[in-house]
Amino acid sequence: MAEKKLYIGTGRRKASIAQVRMTPGSGKITVNGKDVREFFPYETNVMDLMQPLVATNNEKTFDIDVKVNGGGFSGQTGAIRLGIARALLEYDKPNEGNEGCYRQILKREGFITRDARVKERKKPGLKAARRAPQFSKR
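Residues numbered from 1 in each chain as written. Predicted model: local features only at pLDDT ≥ 70, side-chain atom pairs only at ≥ 80, totals over all residues. Heavy atoms only, no water.

Tell me about the sheet that holds strand β3 (residues 29-31), and name the residues and values.
In space, the five strands of this open sheet follow the order β1-β2-β5-β3-β4, with mixed pairing throughout. A strand with exactly one partner marks an edge of an open sheet, and here the two such strands are β1 (7-13) and β4 (34-35). Here strand β2 (residues 16-24) pairs with strand β5 (residues 62-69) via eight bridges, running antiparallel. Paired with Q19 across the two strands is K67, which belongs to β5. Running at roughly 150° to β1, helix α3 (residues 73-91) makes contact with β1, β2, β3 and β5 of the sheet. (Pairing = 2+ DSSP bridges. Helix = DSSP H or I, 4+ residues; strand = E, 2+ residues; numbered from the N terminus. Contact = heavy atoms within 4.5 Å. Axes fitted to C-alpha atoms, helices over the stretch in contact; angles between N-to-C directions.)

Dropping the structure here:
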């Protein structure tokens with residue numbers, strides 16, 4: 001029996017971590033055991049995590065299984081998008097450096113850069129990270 005090739009990518013965004021497992025298939029995406037449209041409440045989340053696949057014309061090429069935890073929907077979507085982009089880079093490793101390789105496409109679109117912005121911690125004497133109590137002159 002022929003073994004299906006497995007491509008793995010890990011993505012992080014805010015407080016979310018996503019482990020992406022990509023196998024050749026029909027384009028089915030599963031997140032934590034549920035269909036992607038069932039897991040995410042908004043279609044914009046689904047469109048956002050599909051961007052690397054759309055940019056490389058692979059919407060119907062791979063079955064993707066994702067395990068994601070931590071954070072909210074936006075962070076999880078960003079983590080999955082980075083994980084998919086990294087898995088696509090692993091798949092396209094033999095073509096790296098050639099004209100039209102996935103690395104050039106994904107880099108141009110900004111999908112292989114990890115977004116390092118996280119919530120700033122609350123400081124003592126302030127109401128939030130930078131929000132100070134209201135000042136009264138009299």
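How would you explain the side chain of T77 if you had to name every residue and give the values?
Relative to the assigned elements, T77 resides in helix α3. The class for T77 is buried, based on a relative accessible area of 0%. There is a polar contact of 3.4 Å between the side chain of T77 and the side chain of N45. Aside from chain neighbours lying at most four places away, what touches T77 is F40, N45, D48 and L49. (Buried < 20%, exposed > 50% of the residue type's maximum accessible area, 1.4 Å probe, protein only. Polar contact = N/O pair within 3.5 Å; in protein donor to acceptor, adjacent residues only side chain to side chain.)

An account of the pattern of salt bridges is needed here, citing residue identities and associated values.
This structure, assessed with the given rule, holds six salt bridges. A salt bridge links D115 to R13; the shortest N-O distance between them is 3.4 Å. On the criterion of sequence distance, the pair formed by D115 in the segment after α4 (102-109) and R13 in strand β1 is long-range, its members being 102 residues apart. Take R13: its relative accessible area is 13%, and that puts it in the buried class. Residue K123 is joined to E120 by a salt bridge in which the shortest nitrogen-to-oxygen separation is 2.7 Å. (Salt bridge = Lys/Arg side-chain N within 4 Å of Asp/Glu carboxyl O.)

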